[in-house]
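Structural features, examined
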Amino acid sequence: MVSITTVQSEADVQGILALQQVNLRKNVPADVQANQGFVTVEHDPDVLARMNKAAPSVIAKDGNKVVGYALTMLPEFGADVPELLPLFALINSLDYMGKPLADRLDYYVMGQVCVDEDYRGQQVFDRMFQHHRAVYSGRYQLLITDISAANTRSLRAHTRVGFNAIHEFYDPAIGETWVVVLWDWQK
């Protein structure tokens, strides 16, 4: 039975890193990427541990095994993950409901989400996001992330749980289009 909780230990952080390695875009064949999705950022273990001390990420566990994760990334950690610097800069340039996101203190970023292949299609993704809302909606109004337009499975899943696209951009450095999505917990 899969339980949804937050990171409680170093073993949980290591479980996230192990699952991340299996699902990194560079480790997933193109046909699997198209059908099942992928993750793009490889997190530094020390940074991930610090992120989880500041705001524990939501994880899915089957016994002691991490079978899913949805990383909580507070804006102050944006500089610690070089691949995400452009995302934080972009977020800070966007407006939402007539107010610059840079002026808001009521958001955080979904640093990455992943579900083990053997647990997909079992509502683990949805349950992790509902747990995010339960844990963090008292402190934050908005949850923001970006998704590769090529990762259609992830785009559909984020839309299903309540995210809406607010911006799209092309990254010429990697030749890829990205979609910025936001979940407003006050709506």
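Residues numbered from 1 in each chain as written. Predicted model: local features only at pLDDT ≥ 70, side-chain atom pairs only at ≥ 80, totals over all residues. Heavy atoms only, no water.

**Some points on the packing of helix 1 (residues 10–23) against helix 3 (residues 45–54)**
The contact between helix 1 and helix 3 brings their axes to 10 Å, and the two run at 125°. The angle between the axes of helix 1 and helix 3 places the two elements in the oblique class. Regarding helix 1 and helix 3, the two cross each other, and that crossing is right-handed. Between helix 1 and helix 3, the contacting residues are E10, V13, I16 and L17 on the first element and P45, L48, A49 and N52 on the second. Of the residues contributing to the contact of helix 1 with helix 3, the split by class is six nonpolar, one polar and one charged. (Axes fitted to C-alpha atoms, helices over the stretch in contact; angles between N-to-C directions. Helix = DSSP H or I, 4+ residues; strand = E, 2+ residues; numbered from the N terminus. Parallel < 35°, antiparallel > 145°, perpendicular 65-115°, else oblique. Left-handed = near helix turned anticlockwise from the far one by under 90°. Contact = heavy atoms within 4.5 Å. Nonpolar A, V, L, I, M, F, W, Y, C, P; charged D, E, K, R; others polar.)

**Quick look at the packing of helix 5 (residues 124–136) against helix 6 (residues 152–161)**
Running from amino to carboxyl end, helix 5 crosses helix 6 at an angle of 50°, the nearest separation of the two axes being 10 Å. What the angle tells us is that helix 5 and helix 6 run oblique. Two packed elements cross with a definite hand, and for helix 5 against helix 6 that hand is right-handed. Residue-level inspection shows F125, D126, F129 and Q130 of helix 5 in contact with helix 6, the latter providing A157, H158, R160 and V161. Class assignment of the residues belonging to the contact of helix 5 with helix 6 gives a composition of four nonpolar, two polar and two charged.

**Notes on the packing of aromatic side chains**
The tally for this structure, following the rule as stated, stands at nine aromatic pairs. On the numbers, 5.1 Å between centres and 65° between planes, the contact of Y108 with Y140 is edge-to-face. Of this pair, Y108 sits in strand 6 (residues 107–115) while Y140 sits in the loop between helix 5 and strand 7 (142–148); the two residues are 32 residues apart in sequence, bridging distant segments of the chain. Like Y108, the residue Y140 is buried in the burial classification. Taking the centre distance of 6.3 Å and the plane angle of 55° together, the rings of Y136 and Y140 count as tilted. Three or more aromatic residues link up through ring pairs in this structure, and these residues are Y108, F125, F129, Y136, Y140, F163, W183 and W185. (Phe/Tyr/Trp six-rings, centres within 6.5 Å; stacked < 30°, edge-to-face > 60°. Buried < 20%, exposed > 50% of the residue type's maximum accessible area, 1.4 Å probe, protein only.)

**Brief notes about the pattern of salt bridges**
Oppositely charged side chains can form a pair if their charged atoms are brought close together. Within this structure, the stated rule accounts for seven salt bridges. Note that K61 and D12 form a salt bridge whose closest N and O atoms lie 2.7 Å from each other. Placement of K61 in strand 2 (residues 58–62) and of D12 in helix 1 is noted, with a sequence separation of 49 residues between them. Note on accessibility: K61 and D12 belong to one class, buried. Here E42 and K26 are joined by a salt bridge, their closest N and O atoms 3.1 Å apart. Within this pair, whereas E42 is found in the loop between helix 2 (30–36) and helix 3, its partner K26 is found in the loop between helix 1 and helix 2, the two being separated by 16 residues in sequence. (Salt bridge = Lys/Arg side-chain N within 4 Å of Asp/Glu carboxyl O.)

**Re the pairing of strand 1 (residues 2–6)**
By the alternation rule, side chains of strand 1 split into V2, I4 and T6, which are all buried, and S3 and T5, of which none is buried. Sheet topology note: the strand 1/strand 2 ladder contains five bridges and is antiparallel. Within the sheet, the bridge partner assigned to I4 lies in strand 2 and is A60. (Pairing = 2+ DSSP bridges.)

**Structural notes on the side chain of S148**
If you trace the backbone, S148 turns up in strand 7. Overall, the relative accessible area of 3% leaves S148 in the buried class. Other than its neighbours up to four places away in sequence, S148 contacts R25, F38, L155, E176, T177 and W178.

**Overview of the side chain of E176**
In this fold, E176 is placed in strand 9 (residues 176–184). Once residues lying within four places of it in the same chain are set aside, the contact partners of E176 are R25, S148, A150, F169, Y170 and D171.

**Topic: the sheet that holds strand 3 (residues 65–73)**
Read from one edge of the open sheet, seven strands run 1-2-3-6-7-9-8, paired in mixed fashion. Of all strands in the sheet, those with a lone pairing partner are strand 1 and strand 8 (164–171), marking the two edges. The sheet shows a mean angle of 25° between the axes of neighbouring strands, taken without regard to direction. Contacts from helix 4 (residues 85–93) reach strand 3, strand 6, strand 7, strand 8 and strand 9 within the one sheet, and its direction differs from that of strand 6 by about 140°. Lying on the sheet, helix 5 is in contact with strand 1, strand 2, strand 3, strand 6, strand 7 and strand 9; it crosses strand 6 at an angle near 155°.

Treat this as a map of the structure, not an account of what it does.
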